[in-house]
Amino acid sequence: MNVDQSPLPGQLARYASDPAQSRGRRIDEPAAPTRTVFQRDRDRVIHSTAFRRLVYKTQVFLNHEGDLFRTRLTHSLEVAQLGRSIARSLQLNEDLVEGISLAHDLGHTPFGHAGQDALNACLKSLPVGSAEQSSGFEHNLQSLRVVDELEERYPGFDGLNLSFETREGILKHCSRANAQWLEVKEPGGVGARFLHGGSPSLEAQLCNLADEIAYNAHDIDDGVRSGLLSLEQLEQVPLFDGHRRAALKVHAGLKGRRLLFESIRLMLSEQVYDVIDTTRQRLGETRVASTEDVRSAPNLVCFSGAMQSASRALKSFLHKNLYRHPQVMENTDRARQIVSDLFAVYLERPAEMTDGALPERPLARAVADHIAGMTDRFAIREHERLMGTSVFPSGAEPTSGTTPILAER
Ligand code: MG
C-alpha cells in the first residue's frame, strides 16, 4: 500500500457521514459556533464521568494487577487511534469514529466480561418486567443508557444528548427483545436496524472492526507481560508468527520485549492495510454513493477472507490460552461473587447505594445501573463494607507475575 495516496485532511467521501446531514440530537440544541455535531459529541464523551471511570475498569487483567496492563480507557484510546487512521485513508469522518470509539465501552461493568455475565444473570433471575428492559444486561445497550440517560451533567437533559450517528455506532449489538423495547421509546431510532435489518454508517462499522483489531493485539501484549502467555506459545498463531519471522529477518537476533512489540506492530499494520484495501474494493463493487446507500447495503468495512480466518484463529487462541487461563478464571469467579452479592444487598437495602432519593426507574434496573457504573476497586471496597469479608484475601491481592524477559524496568 502506498501511504502517500492518503487524502488531504478534511476531504470526505460521498459515503462518509456528513455532520451537516446529521439526523440530529434527541433534544434540539443550537449548533456550536466552532465545532461540528460529531466533534461536539466526542468532546462531551471526553468530559463525561463515565469516561474517567474507564481508567479503573478491567479489560482482561484486574486494574490493580499491574500498572501497565490495558484498562478500558487505554483500550478505547487504541480503538480510536486505529479507527481514525483507517477512516482518514477511506475518507470517512474521523471525528465520528473518534467519538464512537471513545464511547463504545462506557457501559462496561467492573471486572470486564465476568462482571457483565454476573449482572446479566442477576437481572435474568428476576420476574420478567421487573427491570424495565425485557432482557437482562447488555454492555452495548448500557453504553447507550450512559449517554442517553445516566450521565448527569447538563441542566436541560439527562445524558449527553448525542447525535443519532454517534448513538447508532455505540449500539453495535442489541438483542431483538431490547431492540423492540428501544423501538417503543424511539420509533425508527437506533434500535430499528436490529428489527428490520440494514447496516449502520461506515464509521460505526469501522469502530467495530477497530475494536477487534485493538484487543486482539493488546491482549497478546498483556498476556505475555503477565507471564500467562509465552512467545513460544504464540508460534502456534500464524498471524503473529508470520510477523515474528518477518521481524527476525530484518532484525536478526531481536528478542524479548522488542521482538514482541515489533511483531505486534507489523501485525497491526497488516490488518489495517487489509481493512483499507478490502473496504475500498467493496465500496467500488457495490457503488455506494451516499450514507443512505450504505445503510441498505451489507456490511462494507471488513477484512479479506484470508485475514478474517487468521484473525479468528488468533481470537480462539486467546480465548483458550488467556481468557480461560486458570489464573484469569480465578479472578473471574471472585468478580462474579462480588457483583452478585452487591446486587442482592442493594435490592434488599436500596438505601445502601444512595444518600439521596432513588432514581425513578424499577429498583432492579437502578441497582444494575449503579453496579455497572462502579470501578473495579470501588466495587471491591463496597463489597467489603457490605459483606464484612474480602474475596481477595488480604496480602494476597492477585498478581500475575512477570516473565524475566519482559519484567518492567
Ligand atoms: Mg471494546
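Residues numbered from 1 in each chain as written. Predicted model: local features only at pLDDT ≥ 70, side-chain atom pairs only at ≥ 80, totals over all residues. Heavy atoms only, no water.

> Hey, could you go over the overall build of the protein for me, with residue numbers and the actual values?
A tally of regular secondary structure across the protein gives 18 helices and zero strands. Relative to its length of 409 residues, the protein is compact, with a C-alpha radius of gyration of 22 Å against a globular reference of 22 Å. Counting only C-alpha atoms and orienting by the principal axes, one finds that the protein spans roughly 60 × 55 × 35 Å. Residues counted as buried form 55% of the 409 residues belonging to the protein. Taking as baseline every contact in the protein between residues at least 6 positions apart, the subset at least 24 positions apart corresponds to 73%. Across the protein, 48 positive and 54 negative side-chain charges occur, with their mean positions spaced 3 Å apart. (Helix = DSSP H or I, 4+ residues; strand = E, 2+ residues; numbered from the N terminus. Rg over C-alpha atoms; globule rule 2.2 N^0.38 Å. Buried < 20%, exposed > 50% of the residue type's maximum accessible area, 1.4 Å probe, protein only. Contact = heavy atoms within 4.5 Å. Lys, Arg positive; Asp, Glu negative; His and termini not counted. Charge placed at Lys NZ, Arg CZ, Asp CG, Glu CD.)

> So, the packing of aromatic side chains: which residues are in play, and what are the values?
Applying the stated criterion to the full structure yields one aromatic pair. Taking the ring centre of Tyr56 as reference, the NZ or CZ of Arg377 above it sits at 4.0 Å. (Phe/Tyr/Trp six-rings, centres within 6.5 Å; stacked < 30°, edge-to-face > 60°. Lys NZ or Arg CZ within 6 Å of the ring centre and 35° of its normal.)

> Describe in detail unusual backbone geometry, supporting the description with residues and values.
One non-glycine residue, Phe111, lies in positive phi territory at about 65°. Along the polypeptide, Phe111 turns up in the loop between helix 4 (94-103) and helix 5 (112-124). With relative accessibility at 3%, the residue Phe111 sits in the buried group. Of note in this structure, Arg287 is not a glycine but carries a positive phi near 55°. Topologically, Arg287 is positioned in the loop between helix 13 (256-286) and helix 14 (291-296).

> Give me the pattern of salt bridges: which residues, what numbers.
All told, the structure shown has 35 salt bridges when counted by the stated rule. When the shortest N-O distance is used, the salt bridge between Arg334 and Glu330 registers 3.5 Å. With Arg334 and Glu330 both in helix 16 (residues 326-348) and four residues apart, this pair spans about one turn of that helix. By relative accessible area, which is 17% here, Arg334 ends up buried. Residue classification places Glu330 among the partly exposed residues on the basis of a relative accessible area of 43%. A cluster of three or more residues bridged by salt bridges with shared partners is formed by Arg35, Arg42, Asp43, Arg84, Arg88, Glu94, Asp95 and Glu98. (Salt bridge = Lys/Arg side-chain N within 4 Å of Asp/Glu carboxyl O.)

> Pulling in residues and values, what's your account of the environment of His139?
You can see His139 is positioned in helix 6 (residues 139-150). Overall, the relative accessible area of 12% leaves His139 in the buried class. It is 9.1 Å that separates the C-alpha atoms of His139 and His173, two residues lying 34 residues apart in sequence. Leaving out residues up to four positions away in the same chain, His139 has contacts with Gly107, His108, His113 and Gln116.

> Can you explain helix 4? Please cite residues and give values.
Two residues of an α-helix separated by three or four positions point the same way, owing to the 3.6 residues in each turn. Most of helix 4 is tucked away, with 10 of its 10 residues classed as buried. Buried within helix 4 are the following residues: Glu94, Asp95, Leu96, Val97, Glu98, Gly99, Ile100, Ser101, Leu102 and Ala103. Measuring from the backbone nitrogen of Asp95 back to the side-chain oxygen at the start of helix 4 gives 3.0 Å, which picks out Asn93 as the cap. (Polar contact = N/O pair within 3.5 Å; in protein donor to acceptor, adjacent residues only side chain to side chain.)

> If you had to explain the coordination of the magnesium ion to someone new, which residues and values would you point to?
The expected angle between donors at a tetrahedral four-coordinate metal is 109.5 degrees. At an octahedral six-coordinate metal it is 90 or 180 degrees. Surrounding the magnesium ion are the protein donor atoms His75 (NE2), His104 (NE2), Asp105 (OD) and Asp211 (OD), which sit 2.2 to 2.7 Å from the metal. Written as a sequence motif, the donor residues of the magnesium ion are H-x28-H-D-x105-D. Taken together, the residues span a long stretch of sequence, with Asp105 in the loop between helix 4 and helix 5 and Asp211 in helix 10 (residues 202-226) at a distance of 106 residues. Summarising the burial analysis for this pair, Asp105 and Asp211 share the class buried. (Donors = N, O, S within 2.8 Å, 3.2 Å for Na, K, Ca; no water.)

> Tell me about the environment of Gln21, residues and numbers included.
Relative to the elements of secondary structure, Gln21 occurs in the segment before helix 1 (37-46). Each C-alpha atom of the pair Gln21 and Thr291 lies 9.7 Å from the other, and the pair is 270 residues apart in sequence.

> Pulling in residues and values, what's your account of the environment of Ser290?
Summarising the element assignment, Ser290 is placed in the loop between helix 13 and helix 14. Judged by relative accessible area, Ser290 falls into the partly exposed class, the value being 23%. Remark: the alpha-carbon pair of Ser290 and Asp18, spanning 272 residues in sequence, is separated by 9.8 Å. When residues no more than four places from it in sequence are discounted, the contact partners of Ser290 are Arg14 and Tyr15. A polar atom in the side chain of Ser290 sits 3.1 Å from the backbone nitrogen of Asp293.

> Explain the packing of helix 12 (residues 238-250) against helix 13 residue by residue, including any values.
Relative to each other, helix 12 and helix 13 sit at 115°, their axes nearing to 8 Å. Between helix 12 and helix 13 lies a crossing of right-handed hand. Of the residues in helix 13, those in contact with Leu239, Phe240, His243, Arg244, Ala246, Ala247 and Leu248 of helix 12 are Leu259, Leu260, Glu262, Ser263, Ile264, Leu266, Met267, Glu270 and Gln271. In terms of residue class, the contact of helix 12 with helix 13 is built from 10 nonpolar, three polar and three charged. (Axes fitted to C-alpha atoms, helices over the stretch in contact; angles between N-to-C directions. Left-handed = near helix turned anticlockwise from the far one by under 90°. Nonpolar A, V, L, I, M, F, W, Y, C, P; charged D, E, K, R; others polar.)

> Explain the nonpolar core to me, and be specific about the residues and the numbers.
Counting 54 residues, the largest nonpolar core has Tyr15, Ile86, Leu92, Leu202, Ile220 and Phe240 as its most contacted members. Of all the secondary-structure elements, those providing two or more residues to this core are helix 1, helix 3 (72-89), helix 4, helix 10, helix 11 (231-234), helix 12, helix 13 and helix 15 (305-323). Counting 27 residues, the second-largest nonpolar core is a separate cluster that includes Phe111, Cys122, Val339 and Tyr346. (Core = buried A, V, L, I, M, F, W, Y, C linked by side-chain atoms within 4.5 Å.)

> Explain the layout of surface pockets to me, and be specific about the residues and the numbers.
Of the volumes computed, that of the second largest pocket is approximately 840 Å³. Across the lining of the second largest pocket, the residue classes tally to 12 nonpolar, eight polar and 10 charged. (1 Å grid on protein atoms, 1.4 Å probe; cavity = no way out; pocket = protein on both sides within 12 Å on 5 of 7 lines; lining within 4 Å. Points joined across faces, edges and corners; volume = space filled by probe spheres on them.)

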